[in-house]
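# Results of the structural survey
This is what each chain is made of:
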Amino acid sequence: MKFIDEFRNKEKAKKIVRAIENISTKEIKLMEVCGGHTMSIQKFGIPSLLPPQIELLSGPGCPVCVTDRKYIDQAIAYARLDNVIITTFGDLIRVPGSSSSLDNEKAKGRSIKIVYSILDALKIAKENPTKKVIFLAIGFETTVPGTAAGVITAAKENVDNFYVFSSHKVMPPAMNALIDEGVKINGYIGPGHVSTITGTGIYSGLAENFNVGCVISGFEPLDLLQSIYMLVKQFEEKNPKVEIQYKRAVKVEGNIKAKEMMYDVFEYRDDWWRGLGTLANSGLGISKKYAKFDAERKFDVEVEKTKEDKGCICGEILKGLKSPKDCSLFANVCDPSNPVGACMVSNEGACHAFYKYNRE
Amino acid sequence: MCLSIPAKVLEINGEVAKVTLGGTEYNASLQLVEDVKIGDYVLIHTGFAIQKLSEKEAQETLKLFNEFEELNKQLDEEEEKTGKRIA
């Protein structure tokens, strides 16, 4: 058991596809809200396997994509401070801000280092005691506990030159907001790795309040096809509910230890999402208990007025209202080597995934 | 950012595990998980093990895939009887 190959069998995939065809009678729109699913769906050509009445939509599941320009502008303002080292995950560095990007600032000599983990950022802080090290914390519930663990470690080890600039977000408010806004969704392919942390309780309102089912899915082709089968079955039987397909990784209760650490370090606040605007209690800021590690409380910077790029329809794509192919910039002036919007920068973004696997 | 990869635990030293990801060895923090043992598979995300993978549940899921095979057989039989293509 290697937990990958076993879930990629072509013959088995064909059989699930036939089972889907057998039960599907009505038009149905299913949305995935995880960048990892967006990538897998395009990489394995899942849409082309499905009958035409089943439409897959990409939602706001790529953390880099939903992060607003103001955040990038503020990170750039921090990077321009003296004696500061910015540490960031790699995919954020090329996201355009209003008039610059972290990549541009790095080229101009600002100290910006790509890290794989917050623990690497903490190491940089320990190795550079005369500098102030700021970690750019983005991501959903999958990533938040790691940031929390980094902050708790910094507190334990008395690292006093380490700061976190949080743009962490939580998934359920965005999933509810899309339906509230009238985006037609008959079922959610639930985010598998977010759910390893949160468990299933956070999705219960979808069926109760909106009549929309949610199947928490793994990332291999057989996982996705089985999840689609389960959602179509729920829809055809008019029985929306929360189910777990990805049982090898997701428990009903989630990861209790990780959740405890997450709520020790973070507290809910309203946050702004690209495409969706401000959503109540959808973001996480550093709690008072760990205030000394909060970059926003520590550094007072002037941030330029946010200027959005007018041609980019990233916001509409994130809501599932448009496909990357509907964008006049797609594969024209906007491609992975020259991304206009965040959805093309991140390899989990819908535009990037379409460009790589589904350009024709 | 949402990507997490299954990795096998090779060694455990306190809160750090040496894991293997498709032939590459890597250190991952065990701060977020409990009861991880050598030989377990864990999901690795941004340097942290975020959940232990259950082989029992994985086998159960694989069994469910076999049910689709059964269903396909039934559809084939029905097709033979009726002479009509059944999706």
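Above: the structure in question.
Overview of the structure. In this text, all values refer to a predicted model and were calculated from it rather than measured experimentally. (Residues numbered from 1 in each chain as written. Chains lettered and ligands numbered in written order. Predicted model: local features only at pLDDT ≥ 70, side-chain atom pairs only at ≥ 80, totals over all residues. Heavy atoms only, no water.)

### Considerations on the nonpolar core
With 136 residues, the main nonpolar core has Ile134, Phe162, Tyr188 and Ile228 of chain A as its most contacted residues. Per-element accounting of this core gives the leading share, eight residues, to helix α12 (residues 221-236) of chain A. Not counting the four nearest positions on each side in its chain, Tyr188 of chain A is found in contact with Met31, Val33, Met175, Leu178, Ile179, Leu206, Val212, Gly213, Cys214, Val215 and Leu231 of chain A. By size, the runner-up hydrophobic cluster in this structure holds eleven residues, among which are Ala7, Leu30, Val36 and Val42 of chain B. (Core = buried A, V, L, I, M, F, W, Y, C linked by side-chain atoms within 4.5 Å. Buried < 20%, exposed > 50% of the residue type's maximum accessible area, 1.4 Å probe, protein only. Helix = DSSP H or I, 4+ residues; strand = E, 2+ residues; numbered from the N terminus. Contact = heavy atoms within 4.5 Å.)

### Things to note about the packing of aromatic side chains
As enumerated under the stated definition, the model contains 13 aromatic pairs over all chains in all. Between the aromatic rings of Tyr229 of chain A and Phe68 of chain B, the centroid separation amounts to 4.8 Å while the plane-to-plane angle is 90°, which identifies the pairing as edge-to-face. With Tyr229 of chain A in helix α12 and Phe68 of chain B in helix α1 (residues 55-82), this residue pair bridges two chains. The pair Tyr229 of chain A / Phe68 of chain B is uniform in exposure class, with both members buried. One aromatic cluster in this structure is built from Tyr71, Tyr78, Tyr163, Phe165 and Phe299 of chain A. The cationic tip of Lys26 of chain A hangs over the ring face of Phe235 of chain A; the distance from NZ or CZ to the ring centre is 5.9 Å. In this structure, Arg248 of chain A is placed above the aromatic ring of Phe7 of chain A, and the distance from its NZ or CZ to the ring centre is 3.6 Å. (Phe/Tyr/Trp six-rings, centres within 6.5 Å; stacked < 30°, edge-to-face > 60°. Lys NZ or Arg CZ within 6 Å of the ring centre and 35° of its normal.)

### Here we look at the state of the cysteines
Each disulfide is one covalent bond, formed between the sulfur atoms of two cysteines. Residues and elements named next belong to chain A. Applying the stated rule across the entire model yields two disulfides over all chains. Disulfide pairing places Cys62 opposite Cys65 at an S-S distance of 2.3 Å. Disulfide Cys62 to Cys65: torsion about the S-S bond roughly 75°, handedness right-handed. There is no split in this pair, since Cys62 and Cys65 are both buried. Along chain A, the cysteines that take part in disulfide bonds pair up as 1-2, 3-4, counted in sequence order. (Disulfide = S-S within 2.5 Å.)

### Looking at helix α1 (residues 10-23) of chain A
For α1 of chain A, with 14 residues, the first-to-last C-alpha span of 20 Å sits near the 20 Å given by 1.5 Å per residue. If you check which residues of α1 of chain A are buried, you get Lys12, Ala13, Ile16, Val17, Arg18, Ala19 and Ile20 of chain A. Buried-residue contacts for α1 of chain A involve α3 (46-49), β2 (54-58) and α12 of chain A together with α1 of chain B. Its side-chain oxygen 2.9 Å from the backbone nitrogen of Glu11 of chain A, Asn9 of chain A forms the N-cap of α1 of chain A. (Expected span 1.5 Å × (residues − 1). Polar contact = N/O pair within 3.5 Å; in protein donor to acceptor, adjacent residues only side chain to side chain.)

### What about the sheet that holds strand β9 (residues 242-244) of chain A?
All names here are of chain A. Pairing is parallel across the open sheet formed by five strands, whose spatial order is β2-β1-β7-β8-β9. Taken across any chain shown, the strands that pair with only one partner, and hence form the sheet edges, are β2 and β9. Neighbour to neighbour, the strand axes of the sheet diverge by 20° on average, direction disregarded. (Pairing = 2+ DSSP bridges. Axes fitted to C-alpha atoms, helices over the stretch in contact; angles between N-to-C directions.)

### With respect to the environment of Gly139 of chain A
Residue and element names in this part refer to chain A. Inspection of the secondary structure assignment puts Gly139 in the loop between β5 (132-137) and α8 (144-156). Given a relative accessible area of 3%, Gly139 falls into the buried group. Residues Gly139 and Lys241 lie 102 residues apart in sequence; the distance between their C-alpha atoms is 26 Å.

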